[in-house]
Amino acid sequence: MQKPILASLVLVLVLSACGTMRESRLNPRNWFGSQSTETLVPASGWGTTVDRRALVPVVTEVEVLRTPEGAVVHASGVTATQGWWDVELRPINDERPVDGALIYEFVLASPMSASGTGTEASRTVTAGVKLSNRRLEGVRRIVVRGAQNQREVRR
């Protein structure tokens, strides 16, 4: 019974040493020759991505709902057709106030395929963002921009 335990212990110790002997012939990963690996990293690097979403055509409503931790900004807008998705209130200036105003762009992605017009209710999109009390310090108004208009709420 002691021989199998001793043999397995020796095998574990030998294999655990392979991690420090990367170039050694004792390392099983090197037994069949080294291979170069291809990566999926773009030649230009990962960098920042460009947000290609469009502004909502018309911002119809903006409201700020107070919470104990801060506030929730809720905005609604109307699109020309149905099927718009990936809706977001994208902050401008890293959510830092500019002249006492937090500014957001109401952005969304276009439909994947042709879609109908439908009723205004079926073309209404909504988005929201949560703000902490700390983020609201020094903010006197919140502005939500669309393609044709902007709406703001003042304190």
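Notes on the structure follow. Being a predicted model, the structure only gives us computed values, none of them experimental. (Residues numbered from 1 in each chain as written. Predicted model: local features only at pLDDT ≥ 70, side-chain atom pairs only at ≥ 80, totals over all residues. Heavy atoms only, no water.)

### Section: the environment of Ala 114
Here is step 1 of the chain: Among the structural elements, Ala 114 can be located in the loop between β5 (101-109) and β6 (124-132).
Here is step 2 of the chain: Considered as a pair, Ala 114 and Gln 82 are 32 residues apart in the sequence and their alpha carbons are 8.9 Å apart. (Helix = DSSP H or I, 4+ residues; strand = E, 2+ residues; numbered from the N terminus.)

### Comments concerning the pairing of strand β8 (residues 150-154)
Here is step 1 of the chain: The sheet contact formed by strand β7 (residues 141-145) and β8 spans five bridges and is antiparallel. Its bridge partner lying in β8, Val 143 is registered against Glu 152.
Here is step 2 of the chain: Two successive antiparallel strands, β7 and β8, enclose a turn made up of four residues. (Pairing = 2+ DSSP bridges.)

### Overview of unusual backbone geometry
Here is step 1 of the chain: In this model, Asp 94 sits at a positive phi of 55°, which is unusual for a non-glycine residue.
Here is step 2 of the chain: Along the chain, the position of Asp 94 falls in the loop between β4 (85-91) and β5.
Here is step 3 of the chain: With phi around 60°, Glu 95 is a residue other than glycine that occupies positive phi space.
Here is step 4 of the chain: One can find Glu 95 in the loop between β4 and β5.

### Concerning the pattern of salt bridges
Here is step 1 of the chain: Counting across every chain of the model gives nine salt bridges.
Here is step 2 of the chain: Ionic pairing is found between Asp 51 and Arg 53, a salt bridge with its closest N-O pair at 2.8 Å.
Here is step 3 of the chain: Take Arg 53: its relative accessible area is 17%, and that puts it in the buried class.
Here is step 4 of the chain: Several salt bridges share partner residues, and in doing so they unite Asp 51, Arg 53, Asp 86, Glu 88, Arg 90 and Glu 105 into one network. (Salt bridge = Lys/Arg side-chain N within 4 Å of Asp/Glu carboxyl O. Buried < 20%, exposed > 50% of the residue type's maximum accessible area, 1.4 Å probe, protein only.)

### What about the environment of Arg 151?
Here is step 1 of the chain: Position of Arg 151 relative to the elements: it lies in strand β8.
Here is step 2 of the chain: In this view, Arg 151 contacts Val 59, Thr 60, Glu 61, Val 62, Ile 142, Val 143 and Val 144; residues no more than four positions away in its chain are not counted.
Here is step 3 of the chain: Within the structure, Arg 151 has its side chain in polar contact with the backbone oxygen of Val 59 (distance 3.2 Å). (Contact = heavy atoms within 4.5 Å. Polar contact = N/O pair within 3.5 Å; in protein donor to acceptor, adjacent residues only side chain to side chain.)

### Focus on the sheet that holds strand β3 (residues 70-78)
Here is step 1 of the chain: An order of β2-β3-β6 is seen for the three strands of this open sheet, with the pairing classed as antiparallel. A single partner strand is all that each edge strand has here, and the edge strands are β2 (58-67) and β6. Each strand axis lies, on average, 15° off the axis of its neighbour in the sheet, ignoring direction.
Here is step 2 of the chain: Of the pairings in the sheet, the one linking β2 to β3 comprises nine bridges and is antiparallel in character. By the bridge assignment, Arg 66 is partnered in β3 with Ala 71. (Axes fitted to C-alpha atoms, helices over the stretch in contact; angles between N-to-C directions.)

### Brief notes about a nonpolar patch on the surface
Here is step 1 of the chain: On the surface, a cluster of nonpolar side chains totalling about 390 Å² of accessible area is made up of Leu 6, Leu 9, Val 10 and Leu 13.
Here is step 2 of the chain: Relative to the elements of secondary structure, Val 10 occurs in helix α1 (residues 2-17). (Patch = residues over 30% accessible without salt bridge, like charges linked within 9 Å, V, L, I, M, F, W, Y side chains within 5 Å. Areas by Shrake-Rupley, 256 points an atom, 1.4 Å probe, with all protein chains shown as cover.)

### Brief notes about the nonpolar core
Here is step 1 of the chain: Of all hydrophobic cores here, the largest spans 19 residues; its most connected members are Leu 89, Phe 106 and Ile 142.
Here is step 2 of the chain: Of all the secondary-structure elements, those providing two or more residues to this core are β2, β3, β5, β6 and β7.
Here is step 3 of the chain: Discounting residues that sit within four places of it in the chain, Ile 142 has contacts with Val 64, Val 73, Leu 102, Tyr 104, Leu 131, Leu 136, Arg 151, Glu 152 and Val 153. (Core = buried A, V, L, I, M, F, W, Y, C linked by side-chain atoms within 4.5 Å.)

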